[in-house]
4 protein chains.
Amino acid sequence: MGKIGHKTEIRVIYADTDAMSVVYHSNYFKWFEVGRTELLRSIGFPYSRLEQEGVRLPVIECGCKYIKPAVYDDLLAITTVIKEVKAASFVIEYEICRKDTGERLVTGFTRHAVTNHDLKPLRFKAAAPELYNLLFNNDESRSPE
Amino acid sequence: MGKIGHKTEIRVIYADTDAMSVVYHSNYFKWFEVGRTELLRSIGFPYSRLEQEGVRLPVIECGCKYIKPAVYDDLLAITTVIKEVKAASFVIEYEICRKDTGERLVTGFTRHAVTNHDLKPLRFKAAAPELYNLLFNNDESRSPE
Amino acid sequence: MGKIGHKTEIRVIYADTDAMSVVYHSNYFKWFEVGRTELLRSIGFPYSRLEQEGVRLPVIECGCKYIKPAVYDDLLAITTVIKEVKAASFVIEYEICRKDTGERLVTGFTRHAVTNHDLKPLRFKAAAPELYNLLFNNDESRSPE
Amino acid sequence: MGKIGHKTEIRVIYADTDAMSVVYHSNYFKWFEVGRTELLRSIGFPYSRLEQEGVRLPVIECGCKYIKPAVYDDLLAITTVIKEVKAASFVIEYEICRKDTGERLVTGFTRHAVTNHDLKPLRFKAAAPELYNLLFNNDESRSPE
């Protein structure tokens, strides 16, 4: 795991579930958004501030593996970690566990471009230098392991 | 029923259902949107064209009554009717039935303001005169019954 | 306002918004669910426990009025109050305000039936006597005003 | 591309979009569900029939790459193809294009387990022999290329 990470929690409601009595698979991506939003806020770069500075971080790729299903009223812990900080993109990894038992339910990732308001690509370092430096300097995935 | 109406269909998917094995109640409002979008298209005023002309029709009130639940894979018929065309707002009524049996599942409505891009209220007749005239002249709910 | 009420909070994410740059109108109904779930938990009747006892509380009617839009990253306060406790149904009222300014954004309600697992109606008092008594005895909407 | 494929269409509504004025990334997974549901129906194995036979096909992994954004009112073509048919799982691949221009917007996949009603894994061939044979015998991804 890289150094820049964050933990937050969400509670499963009926709206999140489907007729298989488990959380519908695409809803975990919304919780990944909660995870990265709170991570950015926790390191001093709330996404709403990036927006005001004309920067967007659209998802250009995502994926998720489902290990065990979450069900109604589960309290879930979302762990969010920054990875692969590059010139024009970066990756965020997520792990969602059941809070009480610690069981791992899903793992996933999102890859983000750095763009302007019209979704045109920007150089990350030029567009948001402080954020870039913070993420890049703490990206352990750069190092040999 | 007023004169300006439209029928369209949708198919229930797992994403629409919840752990009670029925459609989650708020999802019918999405299908109401499908109904009014296709109604507007059918009378020659696709919403995307209204948008280009600087007009928005935000929902300012809505309601729904649930008679019988829709379930996974149901084919649903959405009937959409324009009502109560006023100076700065109008109402759209909806009925959703199971296509094969004709059973009525839900009835509902949305009330819309007429606004500009920044959601500031506009006079309907001035902002979209052609649409206003078409709806107003065919609004049977104006008449005594 | 009745005596049985609860306050909780949610944060608006991108998934909740639409291309008008405001929260999509039907998403408030999901937050109403958060409100009533936490209210029931706070008075000792978590919905998951009612489920285990074979009781369901499906929404049979709902409505919402939109006063001002919520936008991305708003922190919202949801106030939830029980009303109109009857033999086979009850009403829950909601108010959602912006946390920092206190501005009221939406008001709404849901009406619930009391049913078994197969959504067959039950007498509230017989099906869940403790919850019924607690709600009924604290329902100020019964009293003349 | 394998031999077993299907094309269907969907129309983007406001509910699908977000405040970046494009479709929210996780909503494409709902359209992947539409694609595979209609593919299964088209080859004579509607998912609702599999359910009645006690078989479920839960998503155990998924992924999506975003090439260009879809926007409000776009008419989208979903192409769905079966791949990697194995003893206890298979893969479905998707491509979503703008109908009018043919531009490719996203590509993605879902990997499915074959399980019983309680989500316990089953041998695909034993649980749904007709479907297994049909998919397996037409899975070109088995062949060397």
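First things first, this report covers the structure right here in the doc. Small disclaimer: the values here were computed from a predicted structure and weren't measured.

Here's the deal with the interface of chain A and chain D
At step 1: The partner chain D presents 17 residues to the 17 residues of chain A that form the contact.
At step 2: Looking at the side of chain A that touches chain D, the elements that each hand over two or more residues are helix H1 (27-42) and strand E2 (59-66) of chain A.
At step 3: Taken together, the residues of the side of chain A that touches chain D sort by class into 10 nonpolar, 3 polar and 4 charged.
At step 4: As paired strands, E2(A) and strand E2 (residues 59-66) of chain D are joined by 5 bridges and run antiparallel to one another. Within E2(D), the residue paired with Glu61(A) across the bridge is Lys65(D).

Quick notes on the relation of the copies chain C and chain D
Taken together, a rotation about one axis and a shift along it account for how the two chain copies relate.
At step 1: Take chain C, turn it by 180°, move it 0.0 Å along the axis, and it overlays chain D with an RMSD of 0.0 Å. Taken together, the turn and the small shift mark the pair as related by a two-fold rotation axis. It is Asp18(C) whose C-alpha, among those of chain C, lies nearest the rotation axis, at 1.9 Å.
At step 2: Of the residues that chain C buries at the interface, 100% are likewise interface residues in chain D, meaning the two copies contact each other through the same surface.

Description of the environment of Gly5(C)
At step 1: Along the chain, the position of Gly5(C) falls in strand E1 (residues 5-11).
At step 2: Linking Gly5(C) and Ile92(C), residues 87 residues apart in sequence, is a C-alpha distance of 9.4 Å.

Some thoughts on the environment of Tyr66(C)
At step 1: Relative to the elements of secondary structure, Tyr66(C) occurs in strand E2 (residues 59-66).
At step 2: In the structure, Tyr66(C) is positioned 62 residues away from Ala128(C) in sequence and 34 Å away in space, judged by C-alpha atoms.
At step 3: Apart from residues lying up to four places away in sequence, Tyr66(C) is in contact with Val59(B), Ile60(B), Glu61(B), His25(C) and Val106(C).

Some details on unusual backbone geometry
At step 1: Look at Ser21(C): it is not a glycine, yet its phi comes out positive at around 65°.
At step 2: Tracing the backbone through its elements, the reader meets Ser21(C) in the loop between E1 and helix H1 (27-42).
At step 3: We classify Ser21(C) as partly exposed; it has 17 C-beta atoms within 10 Å.
At step 4: Non-glycine residue Glu84(D) carries a positive phi angle of around 50°.
At step 5: Inspection of the secondary structure puts Glu84(D) in the loop between strand E3 (75-83) and strand E4 (89-98).

What to know about the relation of the copies chain A and chain D
At step 1: Least-squares fitting of chain A to chain D yields an RMSD of 0.0 Å, with the superposition described by an axial translation of 0.0 Å and a rotation of 180°.
At step 2: With an isologous cut-off of 70% or more, the 100% of interface residues of chain A that recur at the interface of chain D puts this contact in the isologous class.

A few points about the sheet that holds E2(A)
At step 1: Spatial strand order, E1(A)-E3(A)-E4(A)-E5(A)-E2(A)-E2(D)-E5(D)-E4(D)-E3(D)-E1(D): 10 strands in an open sheet with antiparallel pairing. Either end of the sheet is taken by a strand with one partner, and the two such strands are strand E1 (5-11) of chain A together with strand E1 (5-11) of chain D. Strand-to-strand twist in this sheet, taken as the mean axis angle between neighbours without regard to direction, amounts to 15°.
At step 2: As paired elements, E2(A) and strand E5 (residues 104-113) of chain A share 7 bridges and run antiparallel to each other. Looking at the pairing, Tyr66(A) lines up with Val106(A) of E5(A).
At step 3: Across the sheet, H1(A) lies against E1, E2, strand E3 (75-83), strand E4 (89-98) and E5 of chain A, angled at about 135° from E1(A), the strand it touches most.

Conventions used here
Residues numbered from 1 in each chain as written. Chains lettered and ligands numbered in written order. Predicted model: local features only at pLDDT ≥ 70, side-chain atom pairs only at ≥ 80, totals over all residues. Contact = placed C-beta atoms within 7 Å. Helix = DSSP H or I, 4+ residues; strand = E, 2+ residues; numbered from the N terminus. Nonpolar A, V, L, I, M, F, W, Y, C, P; charged D, E, K, R; others polar. Pairing = 2+ DSSP bridges. Least-squares fit on C-alpha atoms with pLDDT ≥ 70 in both. Buried ≥ 20, exposed ≤ 12 C-beta atoms within 10 Å, placed from the backbone. Axes fitted to C-alpha atoms, helices over the stretch in contact; angles between N-to-C directions.

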